[in-house]
Amino acid sequence: MDANLRNIRVQKLSHLARGNTDVDILRLDLLHPIVSGNKWFKLRYYLEEAIALDRHRIASFGGAFSNHIVATAFAAREAGLGSIGYIRGEEPRNLSPTLQDAASFGMNLVFLSRQDYMGKKIRTMNDPGTYFINEGGYGNLGAKGAATMLNTTDTHSYTHILCACGTGTMLAGVAIAALPEQKVWGISVLKNHTRINDEVQALLAMREEQRSFTVWHGYDFGGYAKHPPALLAFMKELWEKEQLPTDIVYTSKLLFAARDLIEQGHFPEGSRILLVHSGGLQGNRSLPPNTLPF
Ligand SMILES: *Cc1c(COP(=O)(O)O)cnc(C)c1O
């Protein structure tokens, strides 16, 4: 199945709206069932550069349920390139569904002990035929690609655009693409990741862009990929009320934060809020079967 930009649409979230504050969500997850919305956008210019440099293979890094790894495998294959995924941890007896998909897209999986992974001790680092992409797609071309997410629909009437942030590459892209009067807010899914502001600023500086953005902390639910019962209950509620599927790592925390910030009165009357559904649903396969109704 190909990634199809025409599947992307905006959904109105009527239960999240309050008074005359509207909330819409840009469903980038509809791009493809496995390939995460934002990752595909972040990868596009890295792949273009790899081809321009005559590389025949893409390499990147991630964990067993990584959206980035499976998207890299898919996008490399779409571009006619090979791929290699350096996976954190010992080789398991059974591959996760994510890694099975990555392998089915032709990715060569190499397992690294946590120590080697941290040190990125990779023999093929000097392989001239391989193009390396940072973990999570962090970097200048990633931000440039993420900026194109907002070309998939008309976003000019929104007063605020909110997205989840891990590395902050997507947030930098949204800040680049937003209109000067639009507020761009990121919801950090990492615990106390206060360096995120500098990391996003560094990406903007690489592109010689001066943009403002705000990162909100405290919506991590205990840390990266942590999903206590309260988060799962919220995800079920979103599904029942809005027919909106979310993932446990990023988009559920974005939605929770949006609801909380609305209730706390952080949006002036008449605000029009656009949330970015960045995908990631495939990662829910790390949960026991039937944990979620979608
Ligand atoms: C990777 C990812 C993010 C975070 O993107 P960054 O550019 O690293 O901040 C958000 N949502 C989903 C679904 C992702 O896979």
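These lines cover the structure that appears in this document, whether it is placed above or below. Small disclaimer: the values here were computed from a predicted structure and weren't measured.

1. Describing the site of the ligand
Part 1 of the reasoning: If you check the shell around the ligand, you find 15 residues, and the closest are Lys39, Lys42, Thr167, Met170 and Ser278.
Part 2 of the reasoning: Measuring from a nitrogen atom of the ligand, one finds a side-chain N or O atom of Ser278 at 2.7 Å.
Part 3 of the reasoning: Coverage of the ligand by the protein amounts to 98% of the 380 Å² it exposes when considered alone.
Part 4 of the reasoning: Mapping the ligand onto the cavity grids shows that it belongs to the largest pocket.
Part 5 of the reasoning: Secondary structure elements with two or more residues in the shell around the ligand: helix 1 (37–52) and helix 6 (169–177).
Part 6 of the reasoning: Broken down by element, the residue count for the shell around the ligand peaks at 3 residues, all from helix 1.
Part 7 of the reasoning: Counted by class, the shell around the ligand contains 3 nonpolar, 10 polar and 2 charged residues.

2. Considering the layout of surface pockets
Part 1 of the reasoning: Each pocket or cavity is described by its volume, and for the largest pocket that value is around 1,000 Å³.
Part 2 of the reasoning: Lining the largest pocket we find 45 residues, and of these Arg88, Glu135, Gly136, Tyr224 and Tyr250 sit closest to its centre.
Part 3 of the reasoning: Listing elements by their share of the lining of the largest pocket, those giving two or more residues are helix 1, strand 3 (57–62), helix 2 (67–78), strand 7 (160–165) and helix 6.
Part 4 of the reasoning: Its residues assigned to classes, the lining of the largest pocket comprises 16 nonpolar, 20 polar and 9 charged.
Part 5 of the reasoning: Taken together, 13 residues make up the lining of the second largest pocket; nearest its centre are Leu281, Asn284, Arg285, Leu292 and Phe294.

3. A few points about the side chain of Asp220
Part 1 of the reasoning: Tracing the sequence through the fold places Asp220 in the loop between strand 9 (214–216) and helix 8 (229–242).
Part 2 of the reasoning: Despite its burial, Asp220 remains without a salt bridge, the nearest opposite charge being carried by Lys191 at 4.1 Å.
Part 3 of the reasoning: A polar atom in the side chain of Asp220 sits 2.9 Å from the backbone nitrogen of Gly222.
Part 4 of the reasoning: Not counting residues up to four positions away in its chain, the partners in contact with Asp220 are Ser188, Val189, Leu190, Lys191, Lys226 and Lys253.

4. Quick notes on the sheet that holds strand 8 (residues 183–188)
Part 1 of the reasoning: Taken in spatial order, the 6 strands of this open sheet run 1-2-10-7-8-9, and their pairing is mixed. Single-partner strands in this sheet number two, and they are strand 1 (10–12) and strand 9. Neighbour to neighbour, the strand axes of the sheet diverge by 30° on average, direction disregarded.
Part 2 of the reasoning: On top of the sheet, helix 6 reaches strand 7, strand 8, strand 9 and strand 10 (272–277); it is set at about 165° to strand 7, its chief contact.

5. Overview of the pattern of salt bridges
Part 1 of the reasoning: Under the criterion given, the structure shown has 10 salt bridges.
Part 2 of the reasoning: Lys12 is the partner of Asp24 in a salt bridge, and the nearest nitrogen-oxygen pair spans 3.4 Å. Here Asp24, found in strand 2 (residues 22–27), pairs with Lys12, found in strand 1; they are 12 residues apart in sequence, far enough to count as distant.
Part 3 of the reasoning: With a relative accessible area of 6%, Asp24 lands in the buried category.

About the criteria used
- Residues numbered from 1 in each chain as written.
- Predicted model: local features only at pLDDT ≥ 70, side-chain atom pairs only at ≥ 80, totals over all residues.
- Heavy atoms only, no water.
- Near = heavy atom within 4 Å.
- Polar contact = N/O pair within 3.5 Å; in protein donor to acceptor, adjacent residues only side chain to side chain.
- Areas by Shrake-Rupley, 256 points an atom, 1.4 Å probe, with all protein chains shown as cover.
- 1 Å grid on protein atoms, 1.4 Å probe; cavity = no way out; pocket = protein on both sides within 12 Å on 5 of 7 lines; lining within 4 Å.
- Sits in = over half its atoms within 2 Å of the grid points.
- Helix = DSSP H or I, 4+ residues; strand = E, 2+ residues; numbered from the N terminus.
- Nonpolar A, V, L, I, M, F, W, Y, C, P; charged D, E, K, R; others polar.
- Points joined across faces, edges and corners; volume = space filled by probe spheres on them.
- Buried < 20%, exposed > 50% of the residue type's maximum accessible area, 1.4 Å probe, protein only.
- Lys, Arg positive; Asp, Glu negative; His and termini not counted.
- Salt bridge = Lys/Arg side-chain N within 4 Å of Asp/Glu carboxyl O.
- Contact = heavy atoms within 4.5 Å.
- Pairing = 2+ DSSP bridges.
- Axes fitted to C-alpha atoms, helices over the stretch in contact; angles between N-to-C directions.

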